[in-house]
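Residue strings, one per chain:
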Amino acid sequence: MKKTNFYPTIWSTAPYAPHVMEGWYKSQNGSAELILRNEPATSLKVSEMMLNITKFAAIDENGKEHFIIDFPGQNPVSFKGIASGTFLRSKSVLSLPKGTYTALRFYLAGWGNQFIYQDGDEESANAFERLDFTIDGGFKVAEGNAPEVKLWFDFAPYQWKRHFKPLTDLFIKSKTQQPRLANSFGN
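As a starting point, this report considers the structure included with it. All values derive from a computational prediction rather than experimental measurement. The residue count restarts for each chain, going from 1 along the sequence in the order it is written. Where totals are concerned, whole chains, interfaces and linings use all residues; where local detail is concerned, this predicted model gives features only for residues with pLDDT of at least 70, and gives and counts side-chain atom pairs only at 80 or more. With hydrogens and water set aside, each side-chain value is computed from the structure's full complement of heavy atoms.

Looking at the side chain of arginine 105
Argument step 1. Numbered from the N terminus, helices here are DSSP runs of H or I no shorter than four residues, and strands are runs of E no shorter than two. With respect to the element layout, arginine 105 can be found in strand S7 (residues 99–108).
Argument step 2. In the analysis that follows, any N or O atom pair within 3.5 Å is treated as a polar contact, provided that within protein one partner can donate a hydrogen and the other can accept it, and provided that, for residues neighboring in sequence, both atoms belong to side chains. At a separation of 2.6 Å, a polar atom in the side chain of arginine 105 contacts the side chain of aspartate 132.
Argument step 3. In what follows, residue pairs with any heavy atoms lying within 4.5 Å of each other are defined as contacts. Among residues more than four places away in sequence, those in contact with arginine 105 are Lys55, Phe56, Ala57, Ile59, Glu65, Arg130, Leu131 and Asp132.

As for the environment of glycine 81
Argument step 1. Position of glycine 81 relative to the elements: it lies in the loop between strand S5 (77–80) and strand S6 (88–90).
Argument step 2. Each residue's exposure class comes from its accessible area (1.4 Å probe, protein chains only) as a fraction of the maximum for that residue type: buried when under 20%, exposed when over 50%, partly exposed otherwise. Looking at glycine 81, the relative accessible area reads 5%, which means it is buried.
Argument step 3. Distance in space between the C-alpha atoms of glycine 81 and phenylalanine 155 is 4.5 Å, their sequence separation being 74 residues.
Argument step 4. Those residues in contact with glycine 81 that lie beyond four places of it in its chain are Ser47, Thr86, Phe153 and Phe155.

Details of the pairing of strand S3 (residues 53–60)
Argument step 1. Here S3 lies mainly inside the structure; six of its eight residues are buried.
Argument step 2. Both S3 and S7 contribute to a ladder of seven bridges, which runs antiparallel. Looking across to S7, one finds that lysine 55 is bridged to tyrosine 107. Here a strand pair is declared whenever DSSP counts at least two bridges between the two strands.

Quick word on unusual backbone geometry
Argument step 1. Although it is not a glycine, lysine 45 adopts a positive phi angle of roughly 65 degrees.
Argument step 2. By relative accessible area, lysine 45 is classed as partly exposed at 39%.

Some details on the pattern of salt bridges
Argument step 1. Salt bridge, as used here: a side-chain nitrogen of Lys or Arg that lies within 4 Å of a carboxyl oxygen of Asp or Glu. The final tally for this structure, using the stated rule, is six salt bridges.
Argument step 2. For the salt bridge of arginine 37 with aspartate 136, the shortest nitrogen-to-oxygen distance reads 3.0 Å. Placement of the pair is arginine 37 in strand S1 (residues 32–37) and aspartate 136 in strand S10 (residues 130–141), with a sequence separation of 99 residues.
Argument step 3. For arginine 37, the salt bridge identified is with aspartate 154, shortest N-O distance 2.7 Å. Residue arginine 37 is found in strand S1, and its partner aspartate 154 is found in the loop between strand S11 (149–153) and helix H3 (165–171); the two are separated by 117 residues along the sequence.
Argument step 4. Residue classification places arginine 37 among the partly exposed positions, given a relative accessible area of 25%.

Topic: the nonpolar core
Argument step 1. Among the buried residues, those of types Ala, Val, Leu, Ile, Met, Phe, Trp, Tyr and Cys that are joined through side-chain atoms within 4.5 Å form a nonpolar core. Formed by 32 residues in total, the largest nonpolar core has its most connected members in Met49, Phe79, Leu104, Phe106 and Phe133.
Argument step 2. Top contributing element to this core by residue count: S10, with five residues.
Argument step 3. Not counting residues up to four positions away in its chain, the partners in contact with phenylalanine 106 are Ile53, Lys55, Phe56, Phe79, Glu129, Arg130, Leu131, Phe133 and Phe153.

Here we look at the environment of lysine 150
Argument step 1. Within the fold, lysine 150 resides in strand S11.
Argument step 2. A C-alpha to C-alpha distance of 9.0 Å links lysine 150 and lysine 91, two positions 59 residues apart in sequence.

Focus: the packing of aromatic side chains
Argument step 1. Pairing of aromatic side chains requires ring centres within 6.5 Å, counting the rings of Phe and Tyr and the six-membered ring of Trp. Pairs whose planes differ by under 30 degrees are stacked, by over 60 edge-to-face, and all others tilted. Throughout the structure, instances matching the rule amount to 12 aromatic pairs.
Argument step 2. Centre to centre, the rings of phenylalanine 79 and phenylalanine 153 are 4.3 Å apart; their planes meet at 15 degrees, and the pair counts as stacked. You can see phenylalanine 79 sitting in strand S5 and its partner phenylalanine 153 sitting in strand S11, a full 74 residues away along the chain.
Argument step 3. Between phenylalanine 87 and tryptophan 152, the aromatic rings sit 4.8 Å apart at their centres with planes inclined by 45 degrees, giving tilted as the arrangement.

As C-alpha cells, then:
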C-alpha cells in the first residue's frame, strides 16, 4: 500500500498575512483617504505635531476658504506621520459645498502647540496662528462621496537613535538649541 502525504495548510491562508489583515481592518464604508503635506515641516524633518486646534477650514481651487467646524476648548490633537500608521477621521469634511479643494487649514490657539522632530527634539509652536496643509492630488467633493475622510500626514519618520538621546545627553556637553521651525517660516 502506498502512503500519500496530505498537507491541508497548502490551501489555507496564514491568519496574519498582510492581505488578510487588510480585509479585517478595512473600513466597511469605503472612506476617502487624503494625504496632507506641509513643505516647511517636511524639509525640517518634523515627525509629529501636537496642535491645539480652534477652527478647521478647507481652501478650494479658487483660494476661497470654507470653514468646516469649530473646536471650542479643544485639547491638543496629535498629528503623526504616515510611517506611524495613525490617521484622523473626519465626517465634517464632506459637509463642504461641491467642488475641488486643494488645502486644509488648521487655526491654532496660542497655547499647547508643539512640534516634535525626527531626532526626538521638541519645540514650542505657540507663535503660529494657523498651519496650511496641501492635499496631495486635491480632493473633489461630489454627490455620493464616502461618509468619512481619513487624513494622513506626510511627516518624516522617527530616527531609531532618538531612543538613546537621554543617554547621549548625559555624556555630551549640553548646547543651547536654536528654534528650528517656529521662527523659520510664516503662513
